[in-house]
Structures are given as structure tokens and as C-alpha cells.
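Remarks on the overall topology
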Amino acid sequence: MTVSLNDLVFVAMALVIVVAATGVVMLKNIVHSALSLILAFVGVAGIYFQLSAGFIGLVQIMVYAGAISVLIIFAIMLVMDKSVEKTNLFSPNIIRLLAGMGLTFLLFVTLGVSIWFTKFPVVPAEGPVDAVGMLANLFMGDYVIAFETAAILLLVAVIGAIILAKGAEDKQ
Amino acid sequence: MIGLTHYLLLGTVVFCIGLFGVLSKRNAIAVLMSVELMLNAVNINFVAINKFITPNDVTGQLFSIFVIVVAAAEVAVGLALIISIYRHRKSVDLNDFNLLKW
């Protein structure tokens, strides 16, 4: 049982992710929650780099830590008219809070136990040299329909977001 | 020493934190942020299983890109909806979003 550098990196990244994710849920100020969320995204990108999935890590940093977090912070600034203190509280309904805790705990125990006792058929290998090229071949080959559908979904979502946020004009 | 089990457990922990946030917060933007945490947990599982079980393939990474695309679309539409509702109700508290309730 030797501890390699890779293991230490995983432990550090996992700690960052778990602490930041807990901060997203537990912090009372929603701006602090959003900044904590960015830290969690960067930690997940570190996990991808450590899993030698560099392209996914870069996409994670660009899309999540770049675009989505800016979008969230802008939305927070647009909808906060009063003081930003105590804007991210738990639900006042104590039954809902307890039900949420119970459900989360049950799910955690179920998933944790089933993962811990499962023997996964792990294949030791180095992995592909040209992962990005293989991704490109799959996107333009076997998964081209899903790729184009995702492109249309993004277009429709962006147009829908603009119309929803700006408000459509009434022509008649 | 660190194997697939640890990555899946990390994914489980992050997913459960996100689920608790979705079920217990009262700010709609906080609920959206918790959904993002859950999607990230799923992506960790995709990439880790791809790396450890089918290391000569990239299908898991491909599907995690699809998840990122859908998450980006979802957060854009979700935040636009929240801004639109805020303009009418002057609130982002989920307890005030009862327009369809009677």
C-alpha cells in the first residue's frame, strides 16, 4: 500500500470539492454560495485532469467555471433589490427540511453501501493517446444525430432564454 | 491505492449534497446551483468509469460533454425563468411561486 502523488492529488481535489459543495448549501449569503460553487467547479476540473481527461477538464473550466458561473452571478445581481445578507436560507417548513435530510441520508447510505461492496471489472491500461481525435470521430460518426440535436437544443435554449428574460412584444 | 470506488464515492457525496440543497433551500437560484452540483457528480462518475472500465474508449467522456451541453441550456432557461417570475412577483422565494396553485 504505497501512496503515490496521484492519490494525494485526488485526496486534495476531493476535499476541495466536498468543502466547496457543502459551502454552496450551507452558506447564508447567496453571493458566497455562488463563489463556493465556482471553487467546486474548478475542483471537478482538477479531478478530470487527474483522470487524464484533459479535454473534458478544459470544457469544464470554460463552460462551468467561465460561462455558467458568470450567468448565475449576473442573475443574482439582477434579482437582489434589498440587502444581500441572509438571502440563502433553508426552507421555513421544518417537515420539508427533515424529509429532505432523511431522503438524502437514505440515498447516501444506499449508494455508498452498494458502491463499496461492488467488485468492478477494472481494466488496467494506459488509455488512448489521441483521446480528442477519438472524441471527434465519435461526434462526427456514430453520434452525429445526438451531436446535431444538442446543437439545436442549445440554439433553442438561447433564443428561449432571451425571449423569457426580455419579454416578448405584443403585436396586436 | 485510489481506485474507481473512491471516485464513485466522491460522486455520491457531491450528488447527495446537491440533492439536499434542492430539497431544502428556499431561494430559486440556490436550487439551480444545487442542480448544477448534481450534474457535476454525474459527470465525475462518467469520466471515472470510462477511465477504469473501458480505458481504450472515450464514450464516457463523450456523454459527459452531452451532459455539460444540457446543463448549460438548462441553466440559461432556468435563470431566464427566474428573472421573468421575479419581474412579476418581486421575489425569488420558492414559497411565493404559487401561480398555478389554487
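Computed from a prediction, not measured in an experiment: that's the story for all the values here. (Residues numbered from 1 in each chain as written. Chains lettered and ligands numbered in written order. Predicted model: local features only at pLDDT ≥ 70, side-chain atom pairs only at ≥ 80, totals over all residues. Heavy atoms only, no water.)

Below, the discussion takes up the nonpolar core. In a soluble, globular protein the nonpolar side chains are often hidden away together inside. Within the largest apolar cluster, 67 residues are counted, with the highest numbers of intra-cluster contacts made by Ile72(A) and Ile29(B). Elements represented by at least two residues in this core include exactly helix H1 (5-26), helix H2 (30-50), helix H3 (54-79), helix H4 (94-116) and helix H5 (131-140) of chain A together with helix H1 (4-24), helix H2 (28-53) and helix H3 (59-89) of chain B. Built from parts of two domains, this core gets at least three residues from each of domain 1 (1-89) and domain 3 (129-172) of chain A. (Core = buried A, V, L, I, M, F, W, Y, C linked by side-chain atoms within 4.5 Å. Buried < 20%, exposed > 50% of the residue type's maximum accessible area, 1.4 Å probe, protein only. Helix = DSSP H or I, 4+ residues; strand = E, 2+ residues; numbered from the N terminus. Domains from an automatic or database assignment.)

Moving on: the packing of H2(A) against H3(A). Residues and elements named next belong to chain A. Where H2 contacts H3, the axes come no closer than 8 Å and their chain directions differ by 175 degrees. In this view, H2 runs roughly antiparallel relative to H3, as classed from their interaxial angle. For the pair formed by H2 and H3, the contact residues are Ile30, Val31, Ala34, Leu35, Leu37, Ile38, Phe41, Val42, Val44, Ala45, Tyr48 and Phe49 on the first element and Gly54, Ile56, Gly57, Leu58, Gln60, Ile61, Tyr64, Ala65, Ser69, Ile72, Ile73 and Ile76 on the second. Residues belonging to the contact of H2 with H3 are distributed by class as follows: 20 nonpolar, four polar and no charged. (Axes fitted to C-alpha atoms, helices over the stretch in contact; angles between N-to-C directions. Parallel < 35°, antiparallel > 145°, perpendicular 65-115°, else oblique. Contact = heavy atoms within 4.5 Å. Nonpolar A, V, L, I, M, F, W, Y, C, P; charged D, E, K, R; others polar.)

To continue, consider the side chain of Ser24(B). Tracing the chain through its elements places Ser24(B) in helix H1. Engagement of the side chain of Ser24(B) in a polar contact is seen with the backbone oxygen of Phe20(B), the distance being 2.7 Å. (Polar contact = N/O pair within 3.5 Å; in protein donor to acceptor, adjacent residues only side chain to side chain.)

Together, Phe105(A), Leu106(A), Phe108(A), Val109(A), Val113(A), Trp116(A) and Phe117(A) line one region of the surface with nonpolar side chains, adding up to about 750 Å² of accessible area. Examined against the element boundaries, Leu106(A) turns out to sit in helix H4. (Patch = residues over 30% accessible without salt bridge, like charges linked within 9 Å, V, L, I, M, F, W, Y side chains within 5 Å. Areas by Shrake-Rupley, 256 points an atom, 1.4 Å probe, with all protein chains shown as cover. Salt bridge = Lys/Arg side-chain N within 4 Å of Asp/Glu carboxyl O.)

Along its sequence, chain A is organised into domain 1 (1-89), domain 2 (94-120) and domain 3 (129-172). Inter-centroid distance (C-alpha atoms) of domain 2 of chain A to domain 3 of chain A is 34 Å.

Another aspect to go through is the packing of H3(A) against H2(B). The geometry of H3(A) relative to H2(B) is characterised by a closest axis approach of 11 Å and an angle of 175 degrees between their N-to-C directions. Considering the angle they form, H3(A) stands roughly antiparallel to H2(B). Of the residues in H2(B), those in contact with Ile56(A), Gln60(A), Tyr64(A), Ile68(A), Ile72(A), Ala75(A), Ile76(A) and Val79(A) of H3(A) are Ile29(B), Met33(B), Glu36(B), Leu39(B), Asn40(B) and Val47(B). When grouped by side-chain class, the residues that make up the contact of H3(A) with H2(B) number 11 nonpolar, two polar and one charged.

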